[in-house]
There are 2 protein chains.
Amino acid sequence: MASFKLTIAYDGTGFVGWQRQPVGISVQGLLEDALRALDGREVAAAAAGRTDAGVHALGQVVSVTLRRSIAKGSLIRALNTRLPAAVRVLDAEPAPASFHARFDARTKSYRYRIWNADVLNPFERAYAWHIARPALDVSAMDAAASAIVGRHDFSAFRGTGSASPNSERVVFSSGVSADGALIIYEVSGEGFLRHMVRNIVGTLVEVGRGRQSPLWMPRVIASRNRAAGGRTAPPEGLFLVRVGYDGSSAPLAAER
Amino acid sequence: MASFKLTIAYDGTGFVGWQRQPVGISVQGLLEDALRALDGREVAAAAAGRTDAGVHALGQVVSVTLRRSIAKGSLIRALNTRLPAAVRVLDAEPAPASFHARFDARTKSYRYRIWNADVLNPFERAYAWHIARPALDVSAMDAAASAIVGRHDFSAFRGTGSASPNSERVVFSSGVSADGALIIYEVSGEGFLRHMVRNIVGTLVEVGRGRQSPLWMPRVIASRNRAAGGRTAPPEGLFLVRVGYDGSSAPLAAER
C-alpha cells in the first residue's frame, strides 16, 4: 500500500465540481477513473476542498492510497496521460497511510477575480465575474474585506446545504487589490463554510458599488443572517489557490 | 452609410479561424450575422489579419460599412449582445468609407506563447504550445529571433497556400523572453506571410532545444526553402496583438 498527497490544478468550466454527482463529469470521477485504471481496483480520492461546479483549482490537494507501489514521477505521468488536459496532477508526495487531505488541512487560500469594465475580455469569460459598471471602489472593498480577518461566527456567509455543525472559522488574511480592469480578492484561513467566499465577495461588491460603507461588513457578520449580506458571487471567478498542512511549505500551484 | 473601424478580441478555440469556411463557425461569420441582424441587410466584414483555426486575437481590426447611422457606443453594445462571449467588440471608431482594415494596415504585432514545463498548466491548454522538455535556451532563441529583424525574403517561413505574390516583408522587432514556465515570442512588422510567425517559432524552438545555434536562423532565411527550418508551431499559442494604421495610436486591446 502506498499513500500519496497529490497536488492538482483544474479548469472547473463544464465540470459539476470536485465531487461525484448523479449526472455530469466531476473532477473526483475523472481522477478516480484514472487511479482505477492504474491500480486495477477502485481507489477513493479525498480532496481538501469540495469545489462547486465551475470553480477552479490552482493547488487542490487530494489524498489517495494505491495497492501497488509506484515512483512519484511515474504516478504523475500515468495519471496525466489518463486525465483530460483540463485536469493536471502537478505533484505527488509520499504520505503516511493516515493522511487525509481534508481533515489534516490547516490553511486554505482562495482567490476571486472580478472583471470591472464595460466589455468582458473574452479570455476571462470563464475565470471572472463581469461587473460592467460602475467602477468599483477598490479601497472601500479592501477596507470591508479587512473586517473578515479573525475568529468569527460566519453564519451570515453560510450557504444553504452546508454540512458543518459549527459556523465559526478563523480567517488569517483578507484583501482586495486591482490590476487594471481585474479586481482580485484574496482570502486565507483555517477553513471556509460552503459558499462562504462567494457570499463574502457578493457583500464586498455592494460596498464597491457604494451602496454600503465598509462599516457594513462587521454588521453583516454580527447579524449571523444570510439575508443581511450581498448575493452569492458566481462560481467562475473562484479559485482554490493552495492548501497548507503541518510542516509543509506552500505546495506547487498552477498560475492564473 | 456609416463606416467603422472595429477593434475586436476573440478566443480562437473551436473556431475555423477568421474567415468563413464551408463547414464550421468562423469569427467573420459570427460578426457578419450580428451586423446583418443590426443593419437589416448583408454587411461584409474585412479583417486586418486572417487568423487561422485556433489562433486568437487581442486587437484584430475589422472594417465595416452600415446603411443606418449609429453611435459608437450603441454599435459596440448591439454587436456584443449578439455575439458569443468568445468574441468581443472592444472599440468602434467612425472611419472614411474608403477605409479597409487589411489594405490600409501599416503594422501588425503577434505574440506566441510556449509553456515549457513537464506539466502543462490546465489554464494554458488552449493558449500555449506545450514543450515539456528540455528547458529551452531562451537567450539563444532571443539571439536567433533578432536575425528576423529587417527587410528579408521570407520564403523559408511561407506556408503552403499563401496567396501573396511577393514574399518580402519588413520586420521591426523580434524577441523572446521568459516569465517562469512561460516563454513569449513577440514580433512586429509591416505584414506577415501565411503561417510565417508559426514557422519562425518552430525554427526558434530548434535553437532553444540546442539542436541548432542562433547563427542557423540567418542561414534558414537565406535558403528561401521552407524545408530548411523547423516545424510549424501549433495555432493555439498564437495571438494577433494589434494592428497599426497611419495616424493612429495603438488601439485598445484585450489582455492575455
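Each residue is numbered by its place in its chain's sequence as written, counting from 1. Here chains are named by letter from A upward and ligands by number from 1 upward, in the order in which they appear as written. Under the rules for a predicted model, residues below a pLDDT of 70 receive no local features and side-chain atom pairs below 80 are neither given nor counted, while totals for whole chains, interfaces and linings still include all residues. By convention in this description, side-chain values take in all heavy atoms of the structure and omit both hydrogens and water.

## Section: the interface of chain A and chain B
As a reminder, the rule being used: Every residue pair with non-hydrogen atoms within 4.5 Å of one another is taken to be in contact. What counts as buried area is the accessible surface, traced by a 1.4 Å probe, that two parts surrender upon association, with contributions from both included. Salt bridges are defined by distance alone: a side-chain nitrogen of Lys or Arg within 4 Å of a carboxyl oxygen of Asp or Glu. For this analysis, a polar contact is any N or O atom pair within 3.5 Å, provided that within protein one partner can donate a hydrogen and the other can accept it, and provided that sequence-adjacent residues contribute only side-chain to side-chain pairs. Strands are runs of DSSP state E lasting at least 2 residues, helices are runs of H or I lasting at least 4, and numbering of each runs from the N terminus.
Taken together, the contacts link 26 residues of chain A with 26 residues of chain B. Summed over both partners, the interface of chain A with chain B comes to about 1,900 Å²; 66% of that surface belongs to carbon and sulfur atoms. When the buried area of chain A at its contact with chain B is split by residue, A:Val119, A:Phe123 and A:Arg125 rank highest and sum to 34% of it. Applying the counting criterion to the chain A and chain B interface returns 2 salt bridges. The tally of links between chain A and chain B comes to 4 residue pairs in polar contact (both at pLDDT 80 or more). Elements with a minimum of two residues in the side of chain A that touches chain B: strand E1 (2-10), strand E3 (56-66), helix H2 (72-82) and strand E4 (87-95) of chain A. If you tally residues by element for the side of chain A that touches chain B, the top one is E4(A), at 4 residues.

## Digging into the packing of helix H3 (residues 138-146) of chain A against helix H4 (residues 196-208) of chain A
All names here are of chain A. Heads up, the rule is: Comment: axis = line fitted to C-alpha atoms, over the contacting stretch for helices; angle = value between 0 and 180 degrees taken between N-to-C directions. If an angle is under 35 degrees, it is roughly parallel; if it is over 145, roughly antiparallel; if it lies from 65 to 115, roughly perpendicular; otherwise it is oblique. Crossing handedness is read from the near helix: turned anticlockwise from the far helix by less than a right angle, it gives a left-handed crossing, and turned clockwise, a right-handed one. Put simply, Ala, Val, Leu, Ile, Met, Phe, Trp, Tyr, Cys and Pro go in the nonpolar bin, Asp, Glu, Lys and Arg in the charged bin, and everything else, Gly too, in the polar bin.
One can describe the packing of H3 onto H4 by two numbers: an axis separation of 8 Å at closest approach and a directional angle of 135°. What the angle tells us is that H3 and H4 run oblique. With respect to the hand of their crossing, H3 and H4 are arranged in right-handed fashion. Here H3 contributes Ala140, Met141, Ala144 and Ala145 to the contact with H4, which in turn contributes Leu204, Val205, Val207 and Gly208. Along the lines of polarity and charge, the residues of the contact of H3 with H4 split into 7 nonpolar, 1 polar and no charged.

## Topic: the relation of the copies chain A and chain B
Formally: Here the copies are superposed with least squares, the fitted atoms being C-alpha atoms of residues at a pLDDT of at least 70 in both.
Rotating chain A by 180° and moving it 0.0 Å along the rotation axis overlays it on chain B with an RMSD of 0.0 Å. Here the transformation between the copies is reduced to the relation of a two-fold axis. When the interface residues of chain A are mapped onto chain B, 100% of them are again interface residues, pointing to one common binding face.

## Quick word on the layout of surface pockets
The probe, sized like a water molecule, is rolled over the atoms to show the empty space still left. Filter applied, for reference: Cavity and pocket criteria rest on a 1 Å grid covering protein atoms alone: a 1.4 Å probe that fits but cannot get out defines a cavity, protein on both sides within 12 Å along at least 5 of 7 lines defines an open pocket, and an atom within 4 Å of a point defines a lining residue. Grid points are joined across faces, edges and corners, and a volume is the space filled by probe spheres set on the points.
Within this model, the largest pocket holds a volume of roughly 990 Å³. Broken down by secondary-structure element, the contributors of at least two residues to the lining of the largest pocket are strand E5 (107-115), strand E8 (168-179) and H4 of chain A. Counted by class, the lining of the largest pocket contains 15 nonpolar, 11 polar and 11 charged residues. The volume enclosed by the second largest pocket comes to roughly 840 Å³. Taken together, 32 residues form the lining of the second largest pocket, with B:Arg50, B:Lys108, B:Phe192, B:Leu193 and B:Arg194 sitting closest to its centre. Those elements giving two or more residues to the lining of the second largest pocket turn out to be strand E5 (107-115) and helix H4 (196-208) of chain B. At 3 residues, H4(B) tops the list of elements feeding residues into the lining of the second largest pocket. Counted by class, the lining of the second largest pocket contains 14 nonpolar, 9 polar and 9 charged residues.

## Examining empty space enclosed by the protein
Residue and element names in this part refer to chain A. Per the counting criterion, the structure on display carries 1 cavity of 30 Å³ or more. Its boundaries defined by the atoms lining it, the largest cavity holds a volume of some 40 Å³. For the largest cavity, the full set of lining residues is Tyr112, Ile114, Met141, Val176, Ile183, Tyr185, Val201 and Leu204. When its residues are assigned to classes, the lining of the largest cavity shows 8 nonpolar, no polar and no charged.

## What to know about the pattern of salt bridges
Counted by the stated rule, this structure contains 36 salt bridges over all chains. The partner of A:Glu168 in a salt bridge is A:Arg151, with the nearest N and O atoms 3.3 Å apart. In this pair, A:Glu168 is assigned in strand E8 and A:Arg151 in strand E7 (residues 150-153), connecting sequence segments 17 residues apart. Two residues, B:Arg194 and B:Asp52, come together in a salt bridge whose shortest N-O distance is 3.5 Å. With a gap of 142 residues between them, B:Arg194 in the loop between strand E9 (182-189) and H4 and B:Asp52 in the loop between strand E2 (46-47) and strand E3 (56-66) connect regions that are remote in the sequence. Among the ionic contacts, a cluster of salt bridges with common partners joins A:Arg20, A:Glu32, A:Asp33, A:Arg36 and A:Glu42.

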